[in-house]
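Descriptive analysis of the structure
Next come the chains, spelled out residue by residue.
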Amino acid sequence: MKLKVPVEITINGKSCSGEVEPRQLLVHFIRENAGLTGTKVGCDTSQCGTCTVVLDGSTAKACTVLTVQASGSSVTTIEGFADGANLHPLQEAFWNNHALQCGFCTPGMIIAADAILRNNPSPTREEIRQGLEGNICRCTGYQNIVRAVEQAAETMGGG
């Protein structure tokens, strides 16, 4: 019999609870227990950033956090960014600037970009590039991603 631990996490404003093995990663809880598949499992080594979420107001790679560590916390995933049918300005900017191809890295990139803009509403291109370090895109070459963050900064009143 495997040991199970009760957890309760607020994900995108909704309570999600369950019993998990102490070694379960937050990314798996989000995908399996909450049914939110926008948060991806990419490398399992915290190198790619596809699993990036907002955990209690700060970005975190959900493949490096145990679910039991996040119990009692608030998590925002990419599914929590849109307001109903209205996309978040970053989502809209990624769409408008062709900053995605396969889309696998996009949730983590958008969450990382949001952290950049929360800390600096008018970042330079170099600051955007530095802020996106730790998030890997294998398709776009980053130019359009940087342009999308610049456009979102303008749209959100910082650019």
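Here's what I pulled together on the structure shown here. Owing to the predicted nature of the structure, the values given are computational and were not obtained by experimental measurement.

**A few points about helix H1 (residues 26-33)**
If you check which residues of H1 are buried, you get Leu26, Val27, Phe29 and Ile30. The arc that holds the buried residues of H1, viewed along the axis, is 165 degrees, so those residues lie on one side. Contact partners of the buried residues in H1: strand S1 (5-11), strand S2 (14-20), strand S3 (52-55), helix H2 (67-70) and strand S5 (74-76). Of the residues flanking the end of H1, it is Gly35, one or two places downstream, whose phi is positive at about 70 degrees.

**Details of helix H4 (residues 106-119)**
If you check H4, its first and last C-alpha atoms are 20 Å apart, about what 14 residues at 1.5 Å a residue would give, namely 20 Å. Judged by how many residues are buried, H4 sits mostly within the fold: twelve of 14 residues are covered. Turning to H4, its buried residues are Thr106, Pro107, Gly108, Met109, Ile110, Ile111, Ala112, Ala113, Asp114, Ala115, Ile116 and Leu117. Those residues of H4 that are buried are in contact with S3, strand S4 (58-61), S5, helix H3 (89-96), helix H5 (125-131) and helix H6 (143-155).

**Details of the sheet that holds S4**
As summarised here, the arrangement of the five strands in space is S2-S1-S5-S3-S4, forming an open sheet in which the pairing is mixed. Pairing within the sheet leaves two strands with one partner each, and these edge strands are S2 and S4. When strand polarity is set aside, the average angle formed by the axes of neighbouring strands in this sheet is 40 degrees. Note that S1 and S5 share two bridges and pair parallel. Bridge pairing in S5 links Ile11 to Val75. Taken strand by strand, H1 contacts S1, S2, S3 and S5, and its axis lies near 110 degrees from that of S2. Seen against the sheet, H4 touches S3, S4 and S5 and runs at an angle of roughly 45 degrees to S3.

**Topic: empty space enclosed by the protein**
Summed over all chains, the structure comprises one cavity of 30 Å³ or more. Counted as a void, the largest cavity has a volume near 30 Å³. Along its surface, the largest cavity is lined by Lys40, Val41, Gly42, Cys43, Asp44, Cys48, Thr50, Cys51 and Cys63. The class makeup of the residues in the lining of the largest cavity is five nonpolar, two polar and two charged.

Reading the values: the criteria
- Along each chain, residues carry numbers from 1 onward, in the same order as the chain's sequence is written.
- For a predicted model such as this one, the threshold for reporting local features is a pLDDT of at least 70, and the threshold for listing and counting side-chain atom pairs is 80 or more; totals across whole chains, interfaces and linings nevertheless cover every residue.
- As a convention, hydrogens and water are excluded, and side-chain values are obtained from all of the structure's heavy atoms.
- Between buried and exposed lies partly exposed: a residue is buried under 20% and exposed over 50% of the maximum accessible area for its type, with that area taken using a 1.4 Å probe on protein chains only.
- Only DSSP runs of H or I with at least four residues qualify as helices, and only runs of E with at least two residues qualify as strands; both kinds are numbered from the N terminus onward.
- This arc describes the spread of directions from the helix axis toward the C-beta atoms.
- Working rule for contacts: check all heavy atoms of both residues, and any pair within 4.5 Å makes them a contact.
- Residue count minus one, scaled by 1.5 Å, sets the expected span of a helix.
- One requirement defines pairing of two strands: DSSP has to find at least two bridges between them.
- The axes are straight lines fitted to the C-alpha atoms, using for helices just the contacting stretch, and the angles between their N-to-C directions are given from 0 to 180°.
- Cavity means a closed set of points on a 1 Å grid over the protein atoms alone, one where a 1.4 Å probe fits but cannot get out, pocket means an open set with protein on both sides within 12 Å along at least 5 of 7 lines, and lining means a residue has an atom within 4 Å of a point.
- Grid points are joined across faces, edges and corners, and a volume is the space filled by probe spheres set on the points.
- Nonpolar residues are Ala, Val, Leu, Ile, Met, Phe, Trp, Tyr, Cys and Pro. Charged residues are Asp, Glu, Lys and Arg, and all others, Gly as well, are polar.

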